[in-house]
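# An overview of the molecular structure
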Amino acid sequence: MASQAVAHEAEHHAPPPNVDADVVTRELIATTTGASGRFKAWTWGLGILSVVGIVALILKFIDQGDDSTKWGYVAALVSFLLSVTGGAPMVAMAPVMAKANWVRPITRIAALFSFAGVATIIMLIPLVAILPPLVTEGARRRTVWYMAPDYSPHFWTTLSLVLLLITGIALFYSAALPDFASMRDHSTGWRQRLGKRLARGWVGTDVQWRTLRMRIGMFGSFYFLILVFVNFLVSTDFGQSMVPGWRDAIFPMYHTVSGFQAGVAGVVIALYFSRKYMKLEKYIHLDAFWSLGRLLFALTLLWIYFFYSSFIVFWYGRSENDIATLDLLIKGPMIYAFFAGMILLWFVPWWILIWNKVRRGTAMMVVGSFVILIGLLIDRIRTFVPAWSVPGDQIHQKWLKVIPETVWPDIFDILIMAGGISLVAFIVMMMTRVIPVLSVWQVQEFNLLAKPIRYMKGHATLVAKPD
Amino acid sequence: MQQRRELDQVYTNRKLLNGQLDTPKWWLPTVSILGVVVLIGVVVIATMINKGLGVTGLARPVYWGLFITTFVFWVGISHAGIMISAILRLTQAEWRRPVTRAAELLTVFSLLTALVFPLIHAGRPWRIAYWIMPYDISRGIYPNIRSPLIMDPVAISTYLTGSTLFLYIALLPDLGNLRDRTTGWKNAMYTVLSLGWRGNPRQWKMQTVGGILLSALMLPIFVSVHSIVSWDFAVAAAVEGWHSTIFAPYFVIGAVHSGVSAVVTMMALMRWLWKWDDFIRPEHFDALARLLIVVATGWLAFTFLELTFALYGQDAPEIALREMQMFQWPWNALFIIFFLTAYAIPVPMWLFKRVRTNIALMFWTSILVNIGMWLERFLIIVPGLARRTPFVYTWEAYRPSAVEWTIFIWSFAWVTFLMLLFSKFFPLVPLFEQKESQVFTEDVMIGRAKIPAIIREAD
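Everything numeric here is computed off the predicted structure, so don't read it as measured data.

What counts and what doesn't
Residues numbered from 1 in each chain as written. Chains lettered and ligands numbered in written order. Predicted model: local features only at pLDDT ≥ 70, side-chain atom pairs only at ≥ 80, totals over all residues. Helix = DSSP H or I, 4+ residues; strand = E, 2+ residues; numbered from the N terminus. Rg over C-alpha atoms; globule rule 2.2 N^0.38 Å. Contact = placed C-beta atoms within 7 Å. Nonpolar A, V, L, I, M, F, W, Y, C, P; charged D, E, K, R; others polar. Pairing = 2+ DSSP bridges. Axes fitted to C-alpha atoms, helices over the stretch in contact; angles between N-to-C directions. Expected span 1.5 Å × (residues − 1). Bend = angle between axes of the 7 residues up to and from the residue. Buried ≥ 20, exposed ≤ 12 C-beta atoms within 10 Å, placed from the backbone. Arc of directions from axis to C-beta. Core = buried A, V, L, I, M, F, W, Y, C linked by C-beta atoms within 7 Å. Parallel < 35°, antiparallel > 145°, perpendicular 65-115°, else oblique. Left-handed = near helix turned anticlockwise from the far one by under 90°. pLDDT = per-residue confidence, 0-100.

Moving on, we come to the overall build of chain A. In terms of helices and strands, chain A carries 17 helices and four strands. Here the C-alpha atoms of chain A give a radius of gyration of 23 Å, agreeing with the 23 Å that 2.2 N^0.38 yields for 467 residues. Along the three orthogonal principal directions, the C-alpha set of chain A runs to about 70 × 55 × 40 Å. Contacts spanning at least 24 positions in sequence make up 83% of the contacts within chain A whose residues lie at least 6 apart.

In structure tokens form, the structure reads like this:
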């Protein structure tokens, strides 16, 4: 009988044995305490960088708050942070909805990124103040807000980002209830008190479990919808509508898909470091990297597809709009960023992730993920910096008649970008001190539903699929 | 999802080969009626080629009408095969197994049908030969290879070749099975076609690896085909409503919506006609409906973006076109029907498990989707051309002629006719997939609950 298990037997090894439930609880709760010296040093370093970044943001606002052309790098950073912190929790949701067993142990690490959405909001605050109004000198620029009140992009984008943060945290909290109860029952000190307060009387009755699953499904779906909406608003209000004549219907989807790509890359990196430095090899199996690798590979291909779908229409269109848009975003001031982004966001990850051996390992997976994140940052710079570099007096034109010069980052921009990215890492690391980095109940559920078995001459896993 | 049902192999063989080893009573009359319709269609096509495109309703400025709409529709339907067979195979979705063959078949036959439309639409189809063998490159008769109109036939024929190969490789074990159960000329045919299939481990391994490799190779082709079809329109900057960057993914996701719905229609028919209740079960419809909810909602998001960014430019001609599409008779009626049938009626219904597992309701809602998706293509193609613009002095609206409608009906009869013909010689549900699913599924006890489980290869 045809069987993939038999066909690829030689390439595979036995799946790791299941771990006893008590050991899971004890070991995972222990990860919240006893941080290593290296962990502390990194946390301090990232914390200091975060503070420096926020201070630089305030100073930049005081110094350059009246010139929107100088805020392109901050806009690119906001978009980048939204992509990583907004996209990562989707890893916790999408495969769960598709009932993929491999994702169960790693949903927590993905959900922790929700808290890092705070960094996006902090960086957004001055940008909202600087965003040009819809109507200036009686002329209304093109936006998706058409005839809506002037404050619409400023107000609704901020509100939707806050809503995304709240929903992300609600999603995290809904899935964390049983773990807070575990902390209540098995932890000590402030963690035990926190567990007791947040577990809200969780004892694991049938009704509680049913409610928990319903909440995860509900918040997950809601989170996905808000995430797509936020990506739509940020990409149009803070990108496309800043450039006269740039009409690109696919751009919001392009922004969303590259956000998912960054989110998965962020989760892979977090998984790698947790696995290696918290000694979680027993719980974070290679299976997770293998599946995330395939997801990352598919998203990498989807990115180039979306990019090309947009590019070919502009390229063939040849209208003044089309030519000006290509000149601004690809051929003109950002040509180096375009090539760098193309290599780092598509070509290198594609070439790394196409190999089965890479996806079955961890080292090259994490390299590929770092490359993707760097590539995404450059790609966001390519799109948002030139968009913000368009002078205010040109923003109402039918198309861009004068292509602005390349805008290079100043010292504030560099410090803000370093600070913003550090703040994300800092928040995620701090959250691992509060709650186990892997979901205790989901690891136990994973062990319950998936059993390593011998199948004919090879190894296989028997995966139960409850409805 | 995997509601395990024990079926022994003899029963599986007998039931799934009932189309080949016996002839159902309805088969011959149905095929005969369809054959007559096909014949009428062929005569009409021949007449049109003889008389010229004047017998159609096509006239400037509407030079693309029912034929190109139906061409795009059938290319869209062809996306069923790879979506169901390749993508679900790569993602190891167990429920795909009874559906794969029908989906692959739909791909092959709908592509064959789609190819006919641009050919007959050319008016003098023999001149297509110049595209393949240009006789005078210096006079610029050589086709412009940068044009999507040239990329189109290349992509579609590559897709057709790949899909046929894909279908054939998956057929091999079943052909071996039929060879061992037939005599006479049928036995000779299956002997040749089964390529010496014996079912030894090496052959199974090759067949499995071949299927996986082809799945992965077909995916980019699958995406490229409808993308290129969309660029036929999107790169034409002169027609309002066409020059949109979102067209490629919008067309692809629309094609998947349409194709998967067509598979649902076909599954319901297969279950009713061949009485395959044990093989095509409500849970398969349930799974497909869940997939369709996701796909349809994604498609709706793309529709929203397409409309939003059409108005975003605030260009007067574009706004006038959208106004015509949505608010002027008869386009407004078509637009409402399109929206209701493609999304607003079926998707809310699919949210209920009772509907998802009701085969009759799934059948009718899947047909609704395809009515809507055909109208969607019509509304994209025709109004953009039909809108009155400066220097266009044709004041009559486009009305498809009887010739066009006959050829349109012919295309459906032709695909069904080919399907039924195929079913006489080859099983529509893959036997080996069915048996493999029996081997790879078992029940496990977790606590006091009996849970269906699947054996997966270890990574």
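Don't stop here, the text continues.
Glancing now at the overall build of chain B. Scanning chain B for helices and strands turns up 19 helices and two strands. In summary, chain B has a C-alpha radius of gyration of 23 Å against a globular reference of 23 Å for 459 residues, a match within 12%. Dimensions of chain B, computed from the C-alpha atoms along their principal axes, are close to 75 × 55 × 45 Å. In chain B, once contacts between residues fewer than 6 apart in sequence are set aside, the share between residues at least 24 apart is 80%.

Moving on to the interface of chain B and chain A. Think of interface size as the accessible area that goes away when the parts come together; that is how it is often given. Between chain B and chain A, the contact holds 41 residues from the first and 45 residues from the second. Of all the elements in the fold, those that place two or more residues in the side of chain B that touches chain A are α10 (201-234), α11 (247-274), α12 (282-312), α19 (431-440), β1 (441-446) and β2 (449-457) of chain B. For the side of chain B that touches chain A, the element with the most residues is α10(B), which contributes nine residues. Here the side of chain B that touches chain A is composed, by residue class, of 25 nonpolar, ten polar and six charged. By the bridge criterion, five bridges tie strand β4 (residues 458-464) of chain A to β2(B) in an arrangement that is antiparallel. Residue Leu462(A) lies in a different strand from β2(B), and its bridge partner there is Ile455(B).

Before going further, it helps to spend a moment on the environment of Ala46(B). In this structure, Ala46(B) sits in helix α3 (residues 27-51). As for Ala46(B) and Ile120(B), which are separated by 74 residues in sequence, their C-alpha atoms are 9.2 Å apart.

With that settled, the discussion passes to the sheet that holds β1(B). One key point about sheets: their strands pair by backbone hydrogen bonds, in either a parallel or an antiparallel sense. A sheet is described by the order of its strands in space; here four strands give the open sequence β3(A)-β4(A)-β2(B)-β1(B), paired in antiparallel fashion. With one partner strand each, in any of the chains shown, β3 (450-455) of chain A together with β1 of chain B form the two edges of the open sheet. Along the sheet, successive strands turn relative to each other by an average axial angle of 40°, direction set aside. One ladder, built from six bridges, connects β3(A) with β4(A); its direction is antiparallel. Residue pairing in the sheet places Ile453(A) in a bridge with Ala460(A) of β4(A).

With that out of the way, let us pick up helix α6 (residues 117-130) of chain A. Note: α-helices contain 3.6 residues per turn, so residues at a spacing of three or four share the same orientation. Residues and elements named next belong to chain A. End to end, α6 covers 21 Å across 14 residues, agreeing with the expected 20 Å (1.5 Å per residue, within 8%). If you look at α6, its biggest bend is around 35°, right at leucine 124, and the proline proline 126 turns up within four residues after that. Among the residues of α6, Gly117, Ala119, Thr120, Met123, Leu124, Pro126 and Leu127 are the ones counted as buried.

Once that is clear, we can look at helix α13 (residues 316-327) of chain B. Residue and element names in this part refer to chain B. Here α13 contains twelve residues, and its C-alpha end-to-end distance of 16 Å stays within 8% of the 16 Å for a straight helix at 1.5 Å per residue. Looking at α13, one finds that the buried residues are Glu318, Leu321, Met324 and Gln325. For α13, the buried positions fall inside an angular range of 125° around the axis, keeping them on one side. Exposed side chains of α13 directed beyond 90 degrees from the buried face belong to Ala316 and Phe327. The elements touched by buried residues of α13 are α12, α14 (331-344) and α17 (359-386).

Burial runs high along β4(A): five of the seven residues are buried. The hairpin turn running from β3(A) into β4(A), its antiparallel successor, is two residues long, and Met456(A) in that turn takes a positive phi close to 50°.

To continue, consider the nonpolar core. Within the largest apolar cluster, 267 residues are counted, with the highest numbers of intra-cluster contacts made by Val78(A), Val267(A), Val260(B) and Val263(B). Among the elements that take part in this core, α11(B) stands out by supplying 17 residues, more than any other. Here Val78(A) is in contact with Thr120(A), Met123(A), Leu124(A), Leu127(A), Val234(A) and Phe238(A), once residues within four sequence places are set aside.

Residues and elements named next belong to chain B. Two elements in contact, helix α4 (residues 66-77) and α10, have axes whose closest approach is 10 Å; the angle formed by their N-to-C orientations is 165°. In terms of orientation, α4 and α10 fall into the roughly antiparallel class. Seen along the crossing, α4 lies across α10 with a hand that is left-handed. Side by side, α4 and α10 meet where Val72, Val75 and Gly76 of the first sit next to Val225, His226 and Val229 of the second. Grouping the constituent residues of the contact of α4 with α10 by class yields four nonpolar, two polar and no charged.

Glancing now at unusual backbone geometry. Geometrically, the link from Arg60(B) to Pro61(B) is a cis peptide bond, its omega value of 5° lying close to zero. Mapped onto the secondary structure, Pro61(B) falls in the loop between α3 and α4. At the junction of Trp329(B) and Pro330(B), the peptide bond is cis and its omega measures out at 0° in the coordinates. Along the chain, the position of Pro330(B) falls in the loop between α13 and α14. Although it is not a glycine, Tyr146(A) sits at a positive phi angle of roughly 45°. Following the sequence through the fold, Tyr146(A) ends up in the loop between β2 (139-140) and α7 (152-186). In this structure Tyr146(A) comes out as partly exposed when scored by C-beta crowding, with 13 C-beta atoms within 10 Å. Positioned with a positive phi, Lys275(B) is a non-glycine residue whose angle comes to about 55°. Relative to the assigned elements, Lys275(B) resides in the loop between α11 and α12.

On to the packing of α3(B) against helix α18 (residues 402-425) of chain B. Residue and element names in this part refer to chain B. Where α3 contacts α18, the two axes come as close as 8 Å, and the packing angle between them is 140°. Here α18 runs oblique to α3, going by the angle between their axes. The way α3 lies across α18 gives a crossing that is left-handed. Only Val403, Thr406, Ile407, Ile409, Trp410, Ala413, Trp414, Thr416, Phe417, Leu420, Leu421 and Lys424 of α18 make contact with α3, whose side of the interface consists of Trp27, Thr30, Val31, Leu34, Gly35, Val37, Val38, Ile40, Gly41, Val44, Ile45 and Met48. Looking at the contact of α3 with α18 residue by residue, the class counts come to 18 nonpolar, five polar and one charged.

Residues and elements named next belong to chain B. Bridge count between β1 and β2: six bridges; the pairing is antiparallel. Bridge pairing links glutamate 442 to alanine 453 in β2. In sequence, β1 turns back onto β2 through a hairpin of two residues, with glycine 447 there showing a positive phi of about 65°.

All names here are of chain A. Tracing the sequence through the fold places phenylalanine 426 in helix α16 (residues 411-431). Taking the C-alpha atoms as reference, phenylalanine 426 lies 6.0 Å from threonine 43; in sequence the two are 383 residues apart. Among residues more than four places away in sequence, those in contact with phenylalanine 426 are Thr43, Leu46, Gly47 and Ser50.

This next bit is on the confidence of the model for chain A. All names here are of chain A. With 96% of its residues at a pLDDT of at least 70, chain A reaches an overall mean of 88. Across chain A, α16 holds the top mean pLDDT of 95, while helix α1 (residues 4-7) sits lowest at 41. Scored below 50 in pLDDT, residues 1-12 shows 28 contacts in the model against residues more than four places distant or in partner chains.

Here we take up the confidence of the model for chain B. Residue and element names in this part refer to chain B. Averaged over all residues, the pLDDT of chain B is 88; the fraction at 70 or higher stands at 95%. For chain B, per-element mean pLDDT is lowest for helix α7 (residues 129-132), which scores 70, and highest for helix α15 (residues 346-350), which scores 96. In the model output, the complex is listed with pTM 0.90 alongside ipTM 0.90.

Residue and element names in this part refer to chain B. Assignment of secondary structure puts leucine 431 in helix α19. Accessibility expressed as a C-beta count within 10 Å gives 21 for leucine 431, which makes it buried. Between the C-alpha atoms of leucine 431 and arginine 97, which are 334 residues apart in sequence, the distance is 9.4 Å.

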